[in-house]
Amino acid sequence: QVQLVESGGGLVQAGGSLRLSCAAPGRTLTNYIMGWFREAPGKEREFVANITWSGGSANYAASVKGRFTISRDNTKNTMYLQMNSLKPEDTAVYYCAAAAVVAYMESGEYDYWGQGTQVTVSS
């Protein structure tokens, strides 16, 4: 099992920046893929970005590519999402997710989820 603890959400004006953190204390993530999703009111949860822990290979949704950067710190078992040039449409609850690579390759789904952190971007 993987416990995920999120932080870093808040209120920011359009054009501003936030950095989200997702910690997995006491757990090695070598064989995991981790990602960020977001859910706005009345909308389905959507993919934002993911990263493989071992190789650091990252993918981004088209809506955030060039503005958001996903990264990880192996020594802290923590994943980050640096969000720059934020837009009001980025407003959502952001969720951290994780999956064992082997399971993800078969199902394409994430097995572990954080509680979410609110990001609000004002005009």
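Relevant structure appears above.
Scoring rules and cut-offs
Residues numbered from 1 in each chain as written. Predicted model: local features only at pLDDT ≥ 70, side-chain atom pairs only at ≥ 80, totals over all residues. Heavy atoms only, no water. Disulfide = S-S within 2.5 Å. Helix = DSSP H or I, 4+ residues; strand = E, 2+ residues; numbered from the N terminus. Buried < 20%, exposed > 50% of the residue type's maximum accessible area, 1.4 Å probe, protein only. Pairing = 2+ DSSP bridges. Axes fitted to C-alpha atoms, helices over the stretch in contact; angles between N-to-C directions. Contact = heavy atoms within 4.5 Å. Salt bridge = Lys/Arg side-chain N within 4 Å of Asp/Glu carboxyl O.

Participant: When you look at the state of the cysteines in this model, what are you seeing that I'm missing?
Facilitator: By definition, a disulfide is the covalent link that joins the sulfur atoms of two cysteine residues. Within the structure shown, the criterion is met by one disulfide. Disulfide pairing places Cys22 opposite Cys96 at an S-S distance of 1.8 Å. Measuring the twist about the S-S bond at about -70 degrees, one finds the Cys22-Cys96 disulfide to be left-handed. Of this pair, Cys22 sits in strand 3 (residues 18–23) while Cys96 sits in strand 9 (residues 92–100); the two residues are 74 residues apart in sequence, bridging distant segments of the chain. For the pair Cys22 and Cys96, one class covers both residues: buried.

Participant: How should I be thinking about the sheet that holds strand 8 (residues 78–83) in this particular structure?
Facilitator: Pairing between the strands of a sheet is mediated by backbone hydrogen bonds and can be parallel or antiparallel. Ordered in space as 1-3-8-7, the four strands form an open sheet in which the pairing is antiparallel. The outermost strands of the open sheet, each flanked by one partner alone, are strand 1 (5–7) and strand 7 (68–73). Geometrically, the sheet is characterised by an average inter-axis angle of 15 degrees between neighbouring strands, direction not taken into account. With six bridges connecting them, strand 7 and strand 8 associate as antiparallel partners. Bridge pairing in strand 8 places Ser71 opposite Tyr80.

Participant: What is the right way to read the environment of Gln3 from this model?
Facilitator: Its location among the elements puts Gln3 in the segment before strand 1. Taking relative accessible area as the criterion, Gln3 reaches 54% and is therefore assigned exposed. In the structure, Gln3 is positioned 61 residues away from Val64 in sequence and 26 Å away in space, judged by C-alpha atoms. Ignoring sequence-local partners within four residues, the contact set of Gln3 consists of Ala23, Ala24 and Pro25.

Participant: How do you make sense of the pattern of salt bridges when you look at a structure like this?
Facilitator: Side-chain pairs of opposite charge can arise whenever the charged atoms involved come near each other. Evaluated as defined, the whole model comprises four salt bridges. With its nearest N and O atoms 2.8 Å apart, the salt bridge here joins Asp90 to Arg67. Of this pair, Asp90 sits in the loop between strand 8 and strand 9 while Arg67 sits in the loop between strand 6 (58–60) and strand 7, placing them 23 residues apart in sequence. Its relative accessible area of 1% is what places Asp90 among the buried residues. You can call Arg67 buried: its relative accessible area is 11%. By sharing partners, the salt bridges in this structure join Arg38, Glu46, Arg67 and Asp90 into a single network.

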